[in-house]
Amino acid sequence: MEEDYKKQFKDICKKYNFKYREYSENKIALCAKNTDRQWRDWIELDLKNKDITLIGNTDHCNFWFCNTRKDMTPNKIIEFVSDLNTMLRKFNNSYIAVRTLIDPEDWQEIAQVQDAYEDNRYKIQIEEIEFTSDNYIYFSVLKEKTMFNGLFRIHDPINGDDMTIVSISDCVKKEDQDFFNAHWGEIENELCECAKEKQIIKEEKEEETL
């Protein structure tokens, strides 16, 4: 299994022009070039302990893709994060967010926007959240100017795991699939928090009526 993760990680490095380093049987790294044109570790995997170490974002590591990686457009960054998260979910059920990897000022230059946090390609924007009586949430997510509707399961053990996205409608094009794959963990996390907050409010109201 470790060899399979090595291959997947190496393939991602090759596809997106990063450098693959293997320090030992169980420690591998994805490296990027900094502004001094030197290769530096960016994402490290401990295959034995199933740990991920992110050294920092493109500012902390002095990578600054707006200068060093002109090929890394917003769509290519999202595709990269999508491929990375596909592997990480299998590796240890985790994900890395676009905004964790790319500094906001770097994104603003790359995407030519004034505020990275107002760009839903950088920070996900859930527009509508509707709770149902059967422990599900209907939600809508904005991707650029297109709205996508989704279904989130709070608790329905007969039909699957708790606190998970069930589906996102009309997600057919590859660029749309990459977008949601890159942001999947963020969406789930935000909806989990909404569900927990609603449960707390419900319990407080029930206590008041006692």
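Anything mentioned here points back to the structure above.
None of the values given here were measured: they were computed from a predicted structure.

A.B. asks: I tried to follow the environment of leucine 45 on my own but got confused; where do I start?
C.D. replies: Relative to the helices and strands, leucine 45 resides in strand E3 (residues 39-46). Between the C-alpha atom of leucine 45 and that of glutamate 22, which follows or precedes it by 23 residues, the distance is 9.8 Å. Among all residues touching leucine 45, those that are not within four sequence positions of it are Phe9, Asn26, Lys27, Ile28, Asp51, Ile52, Met87, Leu88 and Phe91.

A.B. asks: I'm lost on the sheet that holds strand E6 (residues 136-143) in this one. Help?
C.D. replies: Hydrogen bonds between backbone groups are what pair the strands of a sheet, and the pairing can be parallel or antiparallel. Pairing is antiparallel in the open sheet, where four strands are placed in the order E5-E6-E7-E8. If you trace the sheet from one side to the other, it starts and ends with strand E5 (126-131) and strand E8 (164-168), each paired once. For this sheet, the mean angle separating the axes of adjacent strands, direction not counted, is 25°. Summarising the sheet, strand E7 (residues 146-153) and E8 pair through four bridges and their orientation is antiparallel. Of the residues in E8, the one forming a bridge with leucine 151 is serine 167.

A.B. asks: Sorry, what's going on with the packing of aromatic side chains here?
C.D. replies: For any pair of aromatic rings, geometry is given as the distance between the ring centres together with the angle between the planes. Going through the model one piece at a time under the given rule, you end up with 12 aromatic pairs. An angle of 90° between the planes, with centres 5.0 Å apart, marks the rings of phenylalanine 179 and phenylalanine 180 as edge-to-face. Classification of phenylalanine 179 as buried rests on a relative accessible area of 1%. Classification of phenylalanine 180 as buried rests on a relative accessible area of 1%. Aromatic ring contacts, followed pair by pair, group Tyr16, Phe18, Trp42, Phe63, Phe65 and Phe80 into a single cluster. For the cation-ring pair, lysine 50 lies above phenylalanine 91, with the distance from its terminal atom to the ring centre recorded as 5.8 Å. Positioned over the ring face of phenylalanine 131 is lysine 198, at 4.7 Å from the centre of the ring.

A.B. asks: Hey, could you run me through the sheet that holds E3 in this one?
C.D. replies: Strand order in the open sheet made by the four strands is E1-E2-E3-E4, with antiparallel pairing throughout. One side of each edge strand has no neighbouring strand; the edge strands of this open sheet are strand E1 (19-22) and strand E4 (51-54). Put simply, the sheet's adjacent strands are angled 25° from each other on average, direction ignored. Across seven bridges, the pairing between strand E2 (residues 27-33) and E3 is antiparallel.

A.B. asks: In this structure, what is going on with the pattern of salt bridges? I would like to understand it.
C.D. replies: Proximity of charged atoms lets side chains of opposite charge pair with each other. Per the counting criterion, the structure on display carries 14 salt bridges. Ionic pairing is found between aspartate 119 and arginine 121, a salt bridge with its closest N-O pair at 2.8 Å. Take arginine 121: its relative accessible area is 15%, and that puts it in the buried class. The partner of lysine 143 in a salt bridge is glutamate 144, with the nearest N and O atoms 3.4 Å apart. Overall, the relative accessible area of 41% leaves glutamate 144 in the partly exposed class. Bridged by salt links that share partners, the residues Lys15, Glu79, Asp83, Lys174 and Asp178 form one connected network.

Cut-offs and rules
Residue numbers here run from 1 along each chain, matching the order of that chain's written sequence. Confidence filtering applies because this is a predicted model: local features only for residues at pLDDT of at least 70, side-chain atom pairs given and counted only at 80 or more, and all residues used for totals across whole chains, interfaces and linings. Values reported for side chains reflect all heavy atoms of the structure, with hydrogen atoms and water molecules removed beforehand. Strands here are runs of E lasting at least two residues and helices are runs of H or I lasting at least four, both read from the DSSP assignment and numbered beginning at the N terminus. A contact between two residues is defined here by any heavy atoms of the two lying within 4.5 Å. For two strands to be treated as a pair, DSSP must find at least two bridges joining them. Axis geometry follows a simple rule: fit a line to the C-alpha atoms, using only the stretch in contact for helices, then measure angles between N-to-C directions, giving values from 0 to 180 degrees. For Phe, Tyr and Trp, where Trp contributes only its six-membered ring, two rings pair if their centres lie within 6.5 Å, and the inter-plane angle classes them as stacked under 30 degrees, edge-to-face over 60, or tilted in between. Buried, partly exposed and exposed residues are distinguished by accessible area as a fraction of the type maximum, computed with a 1.4 Å probe on protein chains only: under 20%, between the cut-offs, and over 50%, respectively. Either the NZ atom of lysine or the CZ atom of arginine qualifies as a charge over a ring when it sits within 6 Å of the ring centre and within 35 degrees of the ring normal. Salt bridges are defined as contacts in which a side-chain nitrogen from Lys or Arg sits within 4 Å of a carboxyl oxygen from Asp or Glu.

Scope: geometric values only; no functional claims are made or implied.
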